[in-house]
Amino acid sequence: MGDGDRRGHAGWARHGRRQAVAAVIAAVLAVSACGSAVPAAPLPSRPSPAPAASQPAVSPRDSTPAAASGQREVPDTSAGLLAGKIIGIDPGHNGGNFTDPAAISHQIWNGAGWEPCDTTGTATDGGYTEARFNFNVARYLRADLRRNGARVVMTRATDDGVGPCVDQRSEIINDAHADVAVDIHADGGPASGRGFTILEPVADGPNDKVIAASARFGSDVQQALLAGTTMPESTYVGVDGIMQRDDLAGLNLTSVAKVLVECGNMRNAADARLLVTAGYQQSVARALEQAIIRVLG
Ligand code: ZN
């Protein structure tokens, strides 16, 4: 903390829910989750170290016509590990959110309290947005999962729209009857803090049956990120890169096993250098793929 409005999903946990909600309502046009100090005004121009959303990040493994058309791919030689499985991916925020502060500040009930429909998300000092990072990782992950035979449901199809609201994102994943799901984010923590944080649900009724499975998945994600990326566990929040949260619609309202991953701290210079690269984004996707295979295996 001590970083003003730049606290994120992880950072909010240091405050009571009532305080957090009050703070959000008081400053909803200027503050977003994941620590964004991103104003409702246009963002700074992008340095574009990664592909734009309209021509999304395409890895060598995501270049098939099936991937481009959104159709289910025919699994390749490594396929079948996730055949018949349905995976939910929620790339946090949306690239157009900052254009419609009224829409995203609309308050929704998250099962335990009120929170904004959505927020702009955070950004690096260079103006690389969290929404864009989240979407790139999601696309890489979607391609990886399809290659293993899975059907993938994403909560947004582009990075230039607004929303959907966080409660609707949970509904999309619930309606799809996903076997497991992941919310992809990057945090806006204190500039001195590094690392990833995995946010896990707390039983609140709708998610009661998936608490244990979500915790197992969270541990698998933790191990996979440590093994497969160069990002450390969070130095500023949680324990060993994991923390429980009871104040987020994405965890409270989802009735399938799910965790929210803050893949690094965009406000930290060392983390930011990793987060903007396609290489790191792909390594996160591969780690999540491995964790999904393990938890469903
Ligand atoms: Zn976020």
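It should be emphasised that the depicted structure is a prediction, and the values quoted were computed from it without experimental measurement.

1. Regarding the overall build of the protein chain
Logical step 1: Within the protein chain one finds ten helices and eight strands.
Logical step 2: Taken over 297 residues, the protein chain has a buried fraction of 57%.
Logical step 3: By sequence separation, contacts in the protein chain at least 24 residues apart represent 82% of the contacts at least 6 residues apart.
Logical step 4: Of the roughly 11400 Å² that the protein chain leaves accessible, carbon and sulfur atoms contribute 55%.

2. Looking at the nonpolar core
Logical step 1: Within the largest apolar cluster, 42 residues are counted, with the highest numbers of intra-cluster contacts made by Phe133, Leu141, Leu145, Ile184, Val221, Val261 and Leu288.
Logical step 2: The element contributing the most residues to this core is helix 10 (residues 278-296), with eight residues.
Logical step 3: Aside from chain neighbours lying at most four places away, what touches valine 261 is Val182, Asp183, Ile184, His185, Thr197, Ile198, Val221, Leu225 and Leu288.

3. Structural notes on the state of the cysteines
Logical step 1: Tallied over the entire structure, the rule returns one disulfide.
Logical step 2: Between the sulfur of cysteine 117 and that of cysteine 165 lies a disulfide, 2.2 Å long from S to S. With the S-S bond torsion at -95°, the cross-link from cysteine 117 to cysteine 165 turns out left-handed. Placement of cysteine 117 in the loop between strand 3 (114-116) and helix 5 (130-147) and of cysteine 165 in the loop between strand 4 (151-154) and helix 6 (166-175) is noted, with a sequence separation of 48 residues between them. No difference in accessibility class separates cysteine 117 from cysteine 165, as the two residues are buried.

4. Some points on the environment of glutamate 115
Logical step 1: Counting through the fold element by element, glutamate 115 comes out in strand 3.
Logical step 2: Taking C-alpha positions, glutamate 115 is 8.4 Å from serine 105, a pair spaced ten residues apart along the chain.

5. Digging into the sheet that holds strand 5 (residues 180-187)
Logical step 1: Read from one edge of the open sheet, six strands run 4-1-5-8-6-7, paired in mixed fashion. Since the sheet does not close on itself, it has two edges, and those belong to strand 4 and strand 7 (242-245), each with one partner. Pairs of neighbouring strands in the sheet enclose a mean axial angle of 25°, with direction left out of account.
Logical step 2: Note that strand 1 (residues 86-91) and strand 5 share five bridges and pair parallel. Each bridged residue has a counterpart across the sheet, and for aspartate 90 the counterpart in strand 5 is aspartate 183.
Logical step 3: Strand contacts of helix 5: strand 1, strand 4, strand 5 and strand 8 (258-265), with the helix running at about 150° to strand 5, the strand carrying the most contacts.
Logical step 4: Helix 10 rests against strand 1, strand 5 and strand 8 of the sheet, and its axis sits at about 150° to strand 5.

6. Describing the packing of helix 5 against helix 10
Logical step 1: Between helix 5 and helix 10, the least distance of the axes is 8 Å, while the angle of their chain directions is 50°. As summarised for this structure, helix 5 and helix 10 are arranged oblique, according to the angle between their axes. Crossing angle aside, the handedness with which helix 5 passes helix 10 is right-handed. Each of Phe133, Asn136, Val137, Tyr140, Leu141, Asp144 and Leu145 in helix 5 lies in contact with helix 10, whose residues at this interface are Ala278, Tyr280, Gln281, Gln282, Val284, Ala285, Arg286, Leu288, Glu289 and Ile292.
Logical step 2: Taken together, the residues of the contact of helix 5 with helix 10 sort by class into eleven nonpolar, three polar and three charged.

7. Some details on helix 6
Logical step 1: Of the residues making up helix 6, those classed as buried are Val166, Arg169, Ser170, Ile173 and Asn174. For helix 6, the buried positions fall inside an angular range of 135° around the axis, keeping them on one side.
Logical step 2: Looking at the buried residues of helix 6, the elements they touch are strand 1, strand 2 (107-109), strand 3, strand 5, helix 8 (249-252) and strand 8.

8. As for the packing of helix 7 (residues 211-228) against helix 10
Logical step 1: Close contact between helix 7 and helix 10 brings their axes to 8 Å; oriented N to C, the two are set at 140°. Relative to helix 10, helix 7 is oriented oblique. Viewed along their axes, helix 7 and helix 10 form a crossing whose handedness is right-handed. In this structure, helix 7 contributes Ala213, Phe217, Asp220, Val221, Ala224, Leu225 and Gly228 to the contact, and helix 10 contributes Ser283, Val284, Ala287, Leu288, Ala291, Ile292, Arg294 and Val295.

9. Some words on the pattern of salt bridges
Logical step 1: Scanning the entire structure with this criterion turns up nine salt bridges.
Logical step 2: A salt bridge links aspartate 125 to arginine 267, with the shortest nitrogen-to-oxygen separation between them at 2.7 Å. Of this pair, aspartate 125 sits in the loop between strand 3 and helix 5 while arginine 267 sits in the loop between strand 8 and helix 9 (269-275); the two residues are 142 residues apart in sequence, bridging distant segments of the chain.
Logical step 3: Its salt-bridge partner being aspartate 247, residue arginine 245 comes within 2.8 Å of it at the nearest N-O pair.

10. Re the pairing of strand 8
Logical step 1: Here strand 8 lies mainly inside the structure; eight of its eight residues are buried.
Logical step 2: Two strands pair when backbone bridges link them, and strand 5 and strand 8 are joined in this way by six bridges, in the parallel orientation. Residue pairing for strand 8: valine 182 is matched across the bridge by valine 259.
Logical step 3: Examined bridge by bridge, strand 6 (residues 197-201) and strand 8 share three bridges and lie antiparallel to one another. Opposite isoleucine 198, over in strand 8, you have valine 261 as the bridge partner.

Thresholds, definitions, all that
Residues numbered from 1 in each chain as written. Predicted model: local features only at pLDDT ≥ 70, side-chain atom pairs only at ≥ 80, totals over all residues. Heavy atoms only, no water. Helix = DSSP H or I, 4+ residues; strand = E, 2+ residues; numbered from the N terminus. Buried < 20%, exposed > 50% of the residue type's maximum accessible area, 1.4 Å probe, protein only. Contact = heavy atoms within 4.5 Å. Areas by Shrake-Rupley, 256 points an atom, 1.4 Å probe, with all protein chains shown as cover. Core = buried A, V, L, I, M, F, W, Y, C linked by side-chain atoms within 4.5 Å. Disulfide = S-S within 2.5 Å. Pairing = 2+ DSSP bridges. Axes fitted to C-alpha atoms, helices over the stretch in contact; angles between N-to-C directions. Parallel < 35°, antiparallel > 145°, perpendicular 65-115°, else oblique. Left-handed = near helix turned anticlockwise from the far one by under 90°. Nonpolar A, V, L, I, M, F, W, Y, C, P; charged D, E, K, R; others polar. Arc of directions from axis to C-beta. Salt bridge = Lys/Arg side-chain N within 4 Å of Asp/Glu carboxyl O.

Geometric descriptors of this kind do not, in isolation, establish any biological role.
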